[in-house]
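# Reading the structure
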Amino acid sequence: MNRSPIELWGYLSASPLLWLTLTLFTWILASELSKRLGRHPLVNPVLISILSLSVMMITAQVPYERYFAGAQFIHFLLGPATVAIAVPLYRKWNEVRTLLLPISVALLVGSIVAMASVIALGHYYDLPRDILLSFLPKSATAGVAMAVSQSLGGDPSLTAVLVILTGIFGALIVTPFMNVMRIKDYAARGFAVGLTSHGIGTARAYDVNATAGLFAGIAMALNAVATSVFAPFVARYLLP
């Protein structure tokens, strides 16, 4: 039986496989566009993919639940990917070991400042406690941040949004900001963006320099642990 284009689209849009395929192809195209434009920070593949898929869903009137039915297969890989970020630390341990003291200090200061910014934001805008709990782990990688948020009583979905926004913002500004600050050490540049902007910032660091990418991955892994340790303390004793 022949179907009209509208009926065919209605059938296909309800299929989880369609949205999984569209997500993968959108990412591939966005990544290729970024590559062709010299990995310019404003042409961020994550941002392009989010905007493109959002336009598709709004145009097709597809609810998020239907989209996630397909995207969940990618989401499942978030756990193994989070664990795998320990691999660069293991492989380059001898190189990292010589920088343990500055890395430890940077990790401690960066993790605390990231959460302190949430406290300051809460005081300034008088945000409710559940919102602040959702914001608190925003600089950790998504899998860890959502788990921490849920354990503290926050909203993991809101946390995921904040994590993505934090990562995109960090990836956009890291290169011009580091240039303005005249920080030329790629290990320092990478560690800073990995600590504050997790996976999205780490991907940007790898685009710029292999050493920056290595230390960004290390910072992302270490900050995931630091956030898991410090966030409950901050939530209990420092949040209103």
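Above: the structure in question.
In this report, we go over the structure that sits alongside the text. This structure is a prediction, so every number in the text was calculated from the model and none was measured. Position labels on residues start from 1 in each chain and follow its written sequence. In keeping with the model being predicted, local features are shown solely for residues with a pLDDT of at least 70 and side-chain atom pairs are shown and tallied solely at 80 or more, while totals for entire chains, interfaces and linings include all residues. For side-chain calculations, the full set of non-hydrogen atoms in the structure is used, while hydrogens and water are omitted.

### Quick word on helix α10 (residues 142-152)
Note the threshold: Exposed residues in this analysis have more than 50% of their type's maximum accessible area, buried residues have under 20%, and partly exposed residues fall in between, with area computed by a 1.4 Å probe over protein chains only. Counting from the N terminus, the helices are DSSP H or I runs at least four residues long and the strands are E runs at least two residues long. The directions from the helix axis to the C-beta atoms form the arc being described.
Ala142, Val144, Ala145, Val148, Ser149 and Leu152 are the residues of α10 that are buried. Relative to the axis of α10, the buried residues are bounded by an arc of 160 degrees and lie together on one face. Turned more than 90 degrees from where α10 packs its buried face, Gln150 and Ser151 sit exposed. One or two positions beyond α10, positive phi appears at glycine 153, with a value near 100 degrees.

### Details of the nonpolar core
Worth spelling out the cut-off: The definition of a nonpolar core used throughout is a set of buried Ala, Val, Leu, Ile, Met, Phe, Trp, Tyr and Cys residues joined through side-chain atoms within 4.5 Å. Contacts: residue pairs with any heavy atoms within 4.5 Å of one another.
One finds Leu136, Leu152, Ala231, Ala235 and Leu239 to be the most contacted residues of the largest nonpolar core, which totals 20 residues. Elements with a minimum of two residues in this core: α8 (100-125), α9 (129-135), α10, α11 (156-180) and α13 (210-237). With five residues, the top contributor of residues to this core is α10. Beyond its immediate sequence surroundings of up to four residues, leucine 239 is in contact with Ile119, Arg129, Leu132, Leu133, Leu136 and Val234.

### Side note on the pattern of salt bridges
Rules: A pairing counts as a salt bridge when a side-chain nitrogen of Lys or Arg comes within 4 Å of a carboxyl oxygen of Asp or Glu.
Applying the stated criterion across every chain, the model contains two salt bridges. Among the salt bridges present, the one from arginine 36 reaches glutamate 32, with a minimum N-O distance of 3.2 Å. One end of the pair is arginine 36 and the other is glutamate 32, both in helix α2 (residues 16-36) and four residues apart, which spans about a single turn. Under the relative-accessibility criterion, arginine 36 is labelled exposed at 69%. Of the residues examined, glutamate 32 reaches a relative accessible area of 34% and is grouped as partly exposed.

### Topic: the side chain of serine 149
Mapping serine 149 onto the fold places it in helix α10. The exposure class assigned to serine 149 is buried, which follows from its relative accessible area of 0%. Excluding its chain neighbours within four sequence positions, the residues that come into contact with serine 149 are Leu133, Ser134, Pro137, Gly154, Asp155, Pro156 and Thr159.

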